[in-house]
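Survey of secondary and tertiary structure
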Amino acid sequence: WYVKWGSSFLLILAMCMRATGNPIYQVFDLFLSTVGVFGWLVVGLLWKDRALIILNSIGFGILLIGVLKIL
């Protein structure tokens, strides 16, 4: 329950930051999105939901590449 709602909150917060168009928020958006998608990946694994697992595995990989480029 906590992982699902916490991850959803982080993703909504990241989308709000993305919507501002402020370049300073892009880094925070990327980090929050990565953590949120990872949380949903965990939820998908716990629920054994293949659609959630596939979607969030790919999303996590894409976002992780972005995080590594920043670091």
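Our subject in this report is the structure included herewith.

Reading the values: rules and limits
- Residues numbered from 1 in each chain as written.
- Predicted model: local features only at pLDDT ≥ 70, side-chain atom pairs only at ≥ 80, totals over all residues.
- Heavy atoms only, no water.
- Salt bridge = Lys/Arg side-chain N within 4 Å of Asp/Glu carboxyl O.
- Helix = DSSP H or I, 4+ residues; strand = E, 2+ residues; numbered from the N terminus.
- Buried < 20%, exposed > 50% of the residue type's maximum accessible area, 1.4 Å probe, protein only.
- Expected span 1.5 Å × (residues − 1).
- Contact = heavy atoms within 4.5 Å.
- Polar contact = N/O pair within 3.5 Å; in protein donor to acceptor, adjacent residues only side chain to side chain.
- Axes fitted to C-alpha atoms, helices over the stretch in contact; angles between N-to-C directions.
- Parallel < 35°, antiparallel > 145°, perpendicular 65-115°, else oblique.
- Left-handed = near helix turned anticlockwise from the far one by under 90°.
- Nonpolar A, V, L, I, M, F, W, Y, C, P; charged D, E, K, R; others polar.
- Arc of directions from axis to C-beta.

1. Considerations on the pattern of salt bridges
- Evaluation of the coordinates by the stated rule reveals one salt bridge.
- A salt bridge links Arg 18 to Asp 29, with the nearest nitrogen and oxygen atoms 2.9 Å apart. Placement of the pair is Arg 18 in helix H1 (residues 2–20) and Asp 29 in helix H2 (residues 23–47), with a sequence separation of 11 residues.
- Of the residues examined, Arg 18 reaches a relative accessible area of 48% and is grouped as partly exposed.
- Residue Asp 29 is classed as buried on the basis of its relative accessible area, which comes to 9%.

2. Focus on H2
- Look at H2: 36 Å from first C-alpha to last across 25 residues, which is about the 36 Å you get at 1.5 Å a residue.
- The complete set of buried residues in H2 reads Asp 29, Leu 30, Leu 32, Ser 33, Thr 34, Gly 36, Val 37, Gly 39, Trp 40, Leu 41, Val 43 and Gly 44.
- On the buried face of H2, the contacting elements are H1 and helix H3 (50–70).
- Among the residues of H2, the N-terminal cap falls to Asn 22, whose side-chain oxygen and the backbone nitrogen of Ile 24 are separated by 3.0 Å.
- Lys 48 occupies a position one or two residues after H2 and carries a positive phi of about 60°.

3. What about the packing of H2 against H3?
- Orientation of H2 relative to H3, taken along the N-to-C sense of each, is 150°, at an axis distance of 8 Å. Looking at the two axes, H2 sits roughly antiparallel to H3. Viewed along their axes, H2 and H3 form a crossing whose handedness is left-handed. Across the interface between the two elements, Val 27, Leu 30, Phe 31, Ser 33, Thr 34, Val 37, Phe 38, Trp 40, Leu 41, Gly 44, Leu 45 and Trp 47 from H2 touch Leu 52, Ile 53, Asn 56, Ser 57, Gly 59, Phe 60, Leu 63, Leu 64, Gly 66, Val 67 and Ile 70 from H3.
- Broken down by class, the residue content of the contact of H2 with H3 amounts to 16 nonpolar, seven polar and no charged.

4. Observations concerning H3
- In a regular helix each residue adds 1.5 Å, so 21 residues correspond to 30 Å; H3 covers 30 Å between its end C-alpha atoms and thus fits that length.
- Taken residue by residue, H3 has Leu 52, Asn 56, Gly 59, Leu 63 and Val 67 as its buried positions. Looking straight down H3, one finds its buried side chains confined to an arc of 85°; they lie on one side. Residues of H3 that are exposed and point over 90 degrees away from its buried face: Arg 50, Ile 54, Ile 58, Ile 62, Ile 65, Leu 68 and Lys 69.
- In this structure, the buried side of H3 is in contact with H2.
- Backbone nitrogen of Ala 51 and a side-chain oxygen of the N-cap are separated by 3.1 Å at the start of H3; the cap is Asp 49.

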